[in-house]
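Each chain, letter by letter, is given below.
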Amino acid sequence: MQTQLGSAVFPRLLRRSLSYIPSILYSLHSLLNLFHFFRFLSNSSPQSQKHKEMASPFLSNTIISFSSSLSSSSSLPRLAPSIPFSAIRSKSTPRRILTVRSKIREIFMPALSSTMTEGKIVSWVKSEGDVLSKGESVVVVESDKADMDVETFYDGILAAIVVGEGETALVGAAIGVLAETEDEIAEAKAKAASKSGASTPSAPPPAPTPAAASTPAPPKSTPAPAAPTVAEGPRKTVATPYAKKLAKQHKVDIESVVGTGPYGRITPEDIDAAAGLSPSKKNVGLAVVVETKPAAPAKAPAASAAPSSLPPPVPGSTVVPFTTMQSAVSKNMVESLSVPTFRVGYPVTTDALDALYEKVKPKGVTMTALLAKAAAMALAQHPVVNSSCKDGKSFTYNSNINIAVAVAINGGLITPVLQDADKLDLYLLSQKWKELVEKARAKQLQPQEYNSGTFTLSNLGMFGVDRFDAILPPGQGAIMAVGASKPTVVADADGFFSVKNKMLVNVTADHRIIYGADLAAFLQTFSKIVENAESLTL
């Protein structure tokens, strides 16, 4: 019985054991393929590239397959397609080497205000070859309102200066070239030379000197060398914007003018010399040497300039070009003519204001600060007078009351701004005003300190002027002109006469947004505040 049972169980166990053989063989084959695969990866690493030739020929012809030939008829799935090693090797790509090139950057003329179109180089703080750090001052630029330091945004070396001191450049134009390394200085200088339009900066100025020195004897031949000197070596003509403007006014061919500025740049003095108005300083010696006796040719350029639309200069007069600030003032005044304005005058009794001024004067409070405070308090009650119209289609109510006060400085006019004048204490307001005046006279005002005004105050009463009209600044709704306070005989309702101090206030306003009733109500409020001056100290 036991023998029969054993004989029946043994074949069953044998058949079951034999059924596991394909799976075991498949596992062994898969392990072998994985071994060859990882061995191939190790041989293809950069450290073993030189040993590729020593690889086994078996490996080079081996095909990775995750399916067993023994299980082709079984239900075991194929894990991956067959991939030959040769195909994998052929797809290997060489390593890409990345290089970072250093840069040559340009220093541009910045826009220091919303109305600035060009700037003048006052002085270069740094010289060519100096190492610069980010945020360090490089050059001082004169804008239309103030002189400001221009900082660099990058580290590097100041390789070349394109626009020299005393010259002007348009906003956005390159005024200097910055190199990152010393090896790039030569390339940066070449780039600067191309910007200035002269490949050899030192060549143009000395060229006329030998020609003039070699031809003083024949006076008739002196005009001849001038033409070849300009014609030799055709190059791009580079001139300052003001020089181009003068050339058009005097009808001077700018291509025939030899520049005496840096890198051969044509300056306004060169244009005046070419027009025969006033010889440039650098060409004075040349004129003395060449012009031995040709008085008639000297008058020829002046005669050619006569047909200009401008009247000829009066003999003995001196033509002085506008400074940057004067040009900005001229532009603003011309622009204000396009705004329809009207004027309203109002007499204001100042006895209480004068008494308060005598009390607070020892504490450093000025009359200008008192008037600015009074105007700000009145504007808070009449916001339409503090509004502005810029596009002719809408007007803006300004949330801040910023009083701009006109200040005369050397060579121009500027309006420092007392921001939030209605919210400041009188003594703090006066202190800020003194700081603004000092910065204005030193030409160190920041743009937000002179272009953020919403209402302007002009006080000529300190000079004894009894009345005057002010011109409305662009972008504002009104400007108030304050005259001097003078004793005036006044009759009251009962017919009794008395003497009171009165000043006349004239306000010029934009009639597109401010009407007569609005301005009259504002002036009445201003008068009440001045006549009850103690409210200014609250």
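Preceding this paragraph is the structure being described.
These remarks concern the structure in this document. (Residues numbered from 1 in each chain as written. Predicted model: local features only at pLDDT ≥ 70, side-chain atom pairs only at ≥ 80, totals over all residues. Heavy atoms only, no water.)

A few words on the overall build of the chain. Within the chain one finds 16 helices and 19 strands. Contacts in the chain between residues at least 24 apart in sequence constitute 62% of all its contacts with a sequence separation of at least 6. Put simply, the chain shows about 31400 Å² of open surface, and 59% of that area lies on carbon and sulfur atoms. (Helix = DSSP H or I, 4+ residues; strand = E, 2+ residues; numbered from the N terminus. Contact = heavy atoms within 4.5 Å. Areas by Shrake-Rupley, 256 points an atom, 1.4 Å probe, with all protein chains shown as cover.)

The subject of this paragraph is the nonpolar core. Counting residues in each nonpolar core, the largest one holds 56 residues, and the members touching the most others are Leu370, Val385, Ile403, Phe455, Met480 and Phe526. Examining the composition of this core, we find that nine residues originate from one element, helix α14 (residues 367-381), more than from any other. Look past the residues within four positions of Met480 in its chain and what remains in contact with it is Ala375, Phe455, Thr456, Leu457, Ser458, Val505, Asn506, Val507 and Phe526. Listed in part, the 26 residues of the second largest apolar core include Leu132, Val139, Ala160 and Val163. (Core = buried A, V, L, I, M, F, W, Y, C linked by side-chain atoms within 4.5 Å. Buried < 20%, exposed > 50% of the residue type's maximum accessible area, 1.4 Å probe, protein only.)

On to helix α9 (residues 268-275), then. Of the positions making up α9, those classed as buried are Pro268, Asp270, Ile271, Asp272 and Ala275. After α9 finishes, the residue Gly276 shows a positive phi value of roughly 80 degrees.

On to the environment of Asn400, then. Position of Asn400 among the secondary structure elements: in the loop between α14 and β12 (403-405). Separated by 52 residues in sequence, Asn400 and Ser452 have C-alpha atoms that sit 9.7 Å apart. Ignoring anything within four residues of it in the chain, the contact list for Asn400 reads Asn386, Asp420 and Thr454.

On the surface, Leu14, Leu18, Tyr20, Ile21, Ile24, Leu25, Leu28, Leu31, Leu34 and Phe38 cluster together into a nonpolar patch covering about 970 Å² of accessible area. Secondary structure elements with two or more residues in the nonpolar patch: α1 (2-19) and α2 (21-43). At seven residues, α2 tops the list of elements feeding residues into the nonpolar patch. Here Leu28 is to be found in helix α2. (Patch = residues over 30% accessible without salt bridge, like charges linked within 9 Å, V, L, I, M, F, W, Y side chains within 5 Å. Salt bridge = Lys/Arg side-chain N within 4 Å of Asp/Glu carboxyl O.)

This next bit is on the sheet that holds strand β6 (residues 137-142). Judged by pairing direction, the sheet is antiparallel, and its four strands sit side by side in the order β7-β6-β4-β9 without closing on themselves. Each end of this open sheet is capped by a strand with a single partner; those strands are β7 (147-151) and β9 (168-170). Strand after strand, the sheet turns through a mean of 40 degrees between neighbouring axes, direction not considered. Inspection of the sheet shows strand β4 (residues 118-124) paired to β6 by four bridges, in the antiparallel sense. Note that in β6 the partner of Lys120 across the bridge is Glu142. (Pairing = 2+ DSSP bridges. Axes fitted to C-alpha atoms, helices over the stretch in contact; angles between N-to-C directions.)

Turning our attention to unusual backbone geometry. Of note, Asp420 is a non-glycine position whose phi angle comes to about 55 degrees, a positive value. Mapped onto the secondary structure, Asp420 falls in the loop between β15 (417-418) and α15 (426-441). Take Asp420: its relative accessible area is 24%, and that puts it in the partly exposed class. A positive phi angle is found at Lys443, which is not glycine, with a value near 55 degrees.

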